[in-house]
Amino acid sequence: MVLPVATVTIGLIAYYMKMVRTSLIEVLPSEFLNLARAKGASERRVTYRHALRVGLIPVITIIMLDLPTLISGAAVVENVFNWGGIGSLAVFSAQSRNYPVLLMIILIISAFVVVANFLADLLYTIVDPRVKIHRKSVLRR
């Protein structure tokens, strides 16, 4: 199980680290961080407590959009390591023209996309204090 997981995740981890670095480079010269430094916060606290919370929003978006891709797009890795999964089932169903199974796989992946986007919205409210969910505005629409 270690090799298939490592195969799928190593490239993505490097991409996510690059995204964190890029977002922190954009956030670090902000005025609210200068204010935190002026109040006497250490540079470590400014980076991890203030800058990282704001810089994680694009990274959370990319991670949550990649989760369904990891589940459905792992057909090659499943075939290489001879490990059955939803990706190889989708490929086999498409080759054998088993449309009901293929439609169910598409439905499951689509539901996973919706759940991942909802979790991303919830994580935004946890990570960034500026993002808030207003119940009245949601109910009126």
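Along each chain, residues carry numbers from 1 onward, in the same order as the chain's sequence is written. In view of the model being predicted, local features appear only for residues whose pLDDT reaches at least 70, and side-chain atom pairs are presented and counted only at 80 or more, with totals across whole chains, interfaces and linings using the full set of residues. Computation of side-chain values: all heavy atoms of the structure, hydrogens and water removed.

Details of the packing of helix α3 (residues 43-72) against helix α6 (residues 99-127)
The cut-off we apply is this: Only C-alpha atoms enter the line fits that serve as axes; for helices the fit covers just the stretch in contact. Angles between N-to-C directions range over 0 to 180 degrees. Secondary structure counts use DSSP, requiring at least four H or I residues in a row for a helix and at least two E residues in a row for a strand, with both numbered from the N terminus. Throughout this description, any angle smaller than 35 degrees is read as roughly parallel, any larger than 145 degrees as roughly antiparallel, any in the 65 to 115 degree range as roughly perpendicular, and the remainder as oblique. Handedness of a crossing follows from how the near helix is turned relative to the far one, being left-handed for an anticlockwise turn of less than a right angle and right-handed for a clockwise one. Residues are treated as being in contact if the distance between any of their heavy atoms lies within 4.5 Å. Three classes are used: nonpolar for Ala, Val, Leu, Ile, Met, Phe, Trp, Tyr, Cys and Pro, charged for Asp, Glu, Lys and Arg, and polar for all others, with Gly counted as polar.
Taken N-terminus to C-terminus, the directions of α3 and α6 make an angle of 165°; their axes are 9 Å apart at the nearest point. When the axis of α3 is compared with that of α6, the two are roughly antiparallel. Helix-helix and strand crossings are classified by hand; for α3 and α6 the assignment is right-handed. Contact residues: α3 offers Arg-53, Leu-56, Ile-57, Ile-60, Thr-61, Met-64, Leu-65, Leu-67, Pro-68, Ile-71 and Ser-72, while α6 offers Ile-109, Phe-112, Val-113, Ala-116, Asn-117, Leu-119, Ala-120, Leu-123, Tyr-124, Ile-126 and Val-127. Taken together, the residues of the contact of α3 with α6 sort by class into 18 nonpolar, three polar and one charged.

Some thoughts on helix α5 (residues 86-95)
As a reminder of what qualifies: The cut-offs for exposure are 20% and 50% of the maximum accessible area for each residue type, with area from a 1.4 Å probe on protein chains only; residues under the lower value are buried, those over the upper are exposed, and the others partly exposed.
Residues Gly-87, Ser-88, Ala-90 and Ser-93 constitute the buried set of α5. Close packing links the buried residues of α5 with α3, α4 (75-80) and α6.

Thoughts on the packing of helix α2 (residues 31-38) against α3
For any two helices packed against each other, the geometry is given by the interaxial angle and the distance between the axes. Remark: α2 packs on α3, axes separated minimally by 10 Å, with the N-to-C direction vectors making an angle of 155°. By the angle class used here, α2 and α3 are roughly antiparallel. Crossing of α2 against α3: the hand is right-handed. For the pair α2 and α3, the contacting residues are Phe-32, Leu-33, Ala-36 and Arg-37 in the first and Glu-43, Val-46, His-50, Ala-51 and Val-54 in the second. A class-by-class count of the residues in the contact of α2 with α3 yields six nonpolar, one polar and two charged.

Structural notes on the pattern of salt bridges
Using the following cut-off: Whenever Lys or Arg places a side-chain nitrogen within 4 Å of a carboxyl oxygen from Asp or Glu, that contact is recorded as a salt bridge.
Under the defined criterion, the tally for this structure stands at one salt bridge. Its salt-bridge partner being Arg-37, residue Glu-43 comes within 3.0 Å of it at the nearest N-O pair. Judged by its relative accessible area of 44%, Glu-43 falls in the partly exposed class. A relative accessible area of 26% means that Arg-37 is categorised as partly exposed.

Quick notes on the packing of aromatic side chains
Test applied: A pair of Phe, Tyr and Trp rings is counted when the ring centres sit within 6.5 Å of each other, with Trp represented by its six-membered ring. The angle between the planes then sorts it: under 30 degrees is stacked, over 60 is edge-to-face, the rest tilted.
Throughout the structure, instances matching the rule amount to one aromatic pair. Ring centres of Tyr-15 and Tyr-16 lie 6.1 Å apart, and the angle between their planes is 50°; this geometry places the pair in the tilted category. Under the relative-accessibility criterion, Tyr-15 is labelled partly exposed at 38%. Since its relative accessible area comes to 15%, Tyr-16 is described here as buried.

With respect to a nonpolar patch on the surface
Note the following rule: Like charges are joined within 9 Å and nonpolar side chains (Val, Leu, Ile, Met, Phe, Trp, Tyr) within 5 Å, but only among residues with over 30% relative accessible area and no salt bridge; these make up the patches. Surface exposure here means Shrake-Rupley accessible area, sampled with a 1.4 Å probe, where a residue is shielded only by the protein chains that are shown.
Nonpolar side chains collect at one region of the surface, where Met-1, Leu-3, Val-5, Val-76, Val-80, Phe-81 and Trp-83 lie side by side and expose about 740 Å² of accessible area between them. Where the nonpolar patch is concerned, the elements lending two or more residues are α1 (2-27) and α4. One can find Val-80 in helix α4.

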